[in-house]
Each structure stands twice: as structure tokens, then as C-alpha cells.
There are 2 protein chains.
Amino acid sequence: MPHRAAQAGFRWDGVEMRPYKEDERALYRTITRQVLFADPEMHGELRYFEVAPGGFSTLERHQHMHGVLILRGSGHCLVGDVVTSLATNDLVTVPPMAWHQFRATKGEPLGFLCMVNAERDKPQLPTPEDVERLRKNPAIAAFLSNAPK
Amino acid sequence: MPHRAAQAGFRWDGVEMRPYKEDERALYRTITRQVLFADPEMHGELRYFEVAPGGFSTLERHQHMHGVLILRGSGHCLVGDVVTSLATNDLVTVPPMAWHQFRATKGEPLGFLCMVNAERDKPQLPTPEDVERLRKNPAIAAFLSNAPK
């Protein structure tokens, strides 16, 4: 299907929306995924994630990189040990093995495009020790409590 | 630079804008390119193209595919032998070896993201015979004259 029209509310014709189930360890919350481009001839994939107000993506790291463009709303992200506020159309590069998470912290949905390699390693989740170490940084602790400065 | 803020007018911090020179054979007109993501670790690249009102991208084909998301404005595209009207956030897949062109036909700029393989073949330009054959389709002839129905 060469042309897939945008529908209201950041949906697309013929694109399935996959709501993530809530993770019992609260590693992510109220985030959906739509795969916009994935084809055997393409070496990259483009996905659209949308985080509801107060929600967040999985806190994780992996060898493959993310190229992110904020398509809707605003929020905050953690990349490595830096917390950044995000506005629509901002770009975020997630380098290899950097802990990262996206949060809708402004009382509005945060929607973003994410380009990844089609062939990629599985994400690693933080151990309790990893989270403890991250939380020693006050800005990261506030971010993880959904109360970024 | 993990975070690059969006500036006004669909520009980004630290991203060079490359205006295309006018092509003497009028294969494209008033289009600019900004490379948003390109990294040796990434197998895809994400670029932002913006076509000024009345402008158009190169009419070309190649083996590699395009994954396109309309980020700004509206217009029309030709993919293969189909002319489609485009609205913001629409998706367009350009299959291998399909002739394609994007046009800002609505008196406003047309801006789109385009994902491609980092390693890709060079575009092929149409011969006069190719253009003549395309123009035999009235919808394509109107499109190429910037007067889509």
C-alpha cells in the first residue's frame, strides 16, 4: 500500500496499534506502538510511540541506536545521565548502551518517531543496583519520579 | 549531540540545510535537504526535505526504497503510475524502481521525512522517452504540469 492516509489522533490507515501491557515491575506505562515502515528491503524501521500523560517508555539500554523525532506534544527524556526537556520536532539520538526513557510529563501525550536498525540486539533492563546508581543523580531521581525540575 | 532542539520553520540545532541548486533540466525545483540522522552504527538515514510552493523533488527511480512521512503541509506525489494527494502525517512507501516525485501543489510548503538505507544505489533519471510514456497518463501529465486534478 504505497499511500496510507493519516487519521485523526495520530493513527494511520492499515497500521495496527499495539498497546503495551502494563509491566508488573512498572518499567513502562501507558505507551502504544505503531510500526510505520518495516520491509525486508529496508535496513531501518520507523515506529511511532505514544505515551499518555503520566506514562513512560521502558527504561532500557542496548547496542543499537535510536534516532528519535518528537512528533506530538512535549515531555522529558533521560539519555545516559542527562535529563532533557522535549518539544515538538526536537531530535534525540540514543547512543549505544545509554540508559534511556521517554516520559510525558506535561499533562499531554508525548508522541515520537523512532528509527532503529531492522537487525538489532534485545534491550537490557536495569537491575535494582542500576536504578539505585541512576537515582543518586538528583535530576534523574526527579525524572524517574515523574517530577523533572 | 544527543538532543537537538527544533527551531522555528522546521530547522534544527546543528543540522546544516542544503539548498539544492536548480537543475538545468528542471528535474527538481526549490527543495532543501537536512540530514537528521546518519551514523555509522545506523543502517538507515532519516532526512527532512522541504519543497517550496510550486516546487518539486527530483523525478527519479532506484533500487532502494523510501519510507516517507509528511511532516508539514500538503501536496501531491507520483509513485509508479499513481498520483496521490498528501496531507500532514500521511505515509508514502516508494517501492524499488518506482518512478516518484513529490510536489508542493497547494500554495504552501511541503515538508517530509524520508527514511532510506545508509548503503544505497544511485538514483536513475528518466529519459525523454520515459517522460513521454508517463505523460500519456492524463493524471500524470497534469501532475507533472503542477496541475493535479
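Residues numbered from 1 in each chain as written. Chains lettered and ligands numbered in written order. Predicted model: local features only at pLDDT ≥ 70, side-chain atom pairs only at ≥ 80, totals over all residues. Heavy atoms only, no water.

(A) Highlighting the environment of B:Tyr28. Along the polypeptide, B:Tyr28 turns up in the loop between strand 4 (17-19) and strand 5 (29-37). Residues B:Tyr28 and B:Arg11, 17 residues apart in the sequence, show an inter-C-alpha distance of 21 Å. (Helix = DSSP H or I, 4+ residues; strand = E, 2+ residues; numbered from the N terminus.)

(B) Summary view of the relation of the copies chain B and chain A. Least-squares fitting of chain B to chain A yields an RMSD of 0.0 Å, with the transformation described by 0.0 Å of translation along the axis and a rotation of 180 degrees. Both copies are brought into coincidence by an operation consistent with a two-fold rotation axis. The position closest to the rotation axis in chain B is occupied by the C-alpha of B:Gly44, lying 2.3 Å away. In this assembly the copies share their binding face: 100% of the residues contributing to the interface of chain B also contribute to that of chain A. (Least-squares fit on C-alpha atoms with pLDDT ≥ 70 in both. Contact = heavy atoms within 4.5 Å.)

(C) The state of the cysteines, seen in detail. Residue and element names in this part refer to chain A. This structure, assessed with the given rule, holds 0 disulfides over all chains. A disulfide-free cysteine, Cys-77 has its sulfur positioned 12 Å from the sulfur of Cys-114, the nearest such atom. Since its relative accessible area comes to 1%, Cys-77 is described here as buried. (Disulfide = S-S within 2.5 Å. Buried < 20%, exposed > 50% of the residue type's maximum accessible area, 1.4 Å probe, protein only.)

(D) View of the interface of chain B and chain A. Counting from both sides, the interface comprises 39 residues of chain B and, opposite them, 39 residues of chain A. Connecting chain B to chain A are 14 residue pairs in polar contact (both at pLDDT 80 or more). Among the secondary structure elements, those contributing two or more residues to the side of chain B that touches chain A are strand 1 (3-4), strand 5, strand 6 (44-56), strand 7 (66-72), strand 9 (82-86), strand 10 (91-94) and strand 12 (110-117) of chain B. In terms of residue count, strand 7 of chain B provides more of the side of chain B that touches chain A than any other element does, 5 residues in total. For the side of chain B that touches chain A, the residue count by class is 22 nonpolar, 12 polar and 5 charged. As defined by bridge partners, strand 1 (residues 3-4) of chain A adjoins strand 10 of chain B across 2 bridges and the pair is classed as antiparallel. By the bridge assignment, A:His3 is partnered in strand 10 of chain B with B:Val92. (Polar contact = N/O pair within 3.5 Å; in protein donor to acceptor, adjacent residues only side chain to side chain. Nonpolar A, V, L, I, M, F, W, Y, C, P; charged D, E, K, R; others polar. Pairing = 2+ DSSP bridges.)

All we've got here are geometric facts, nothing functional implied.
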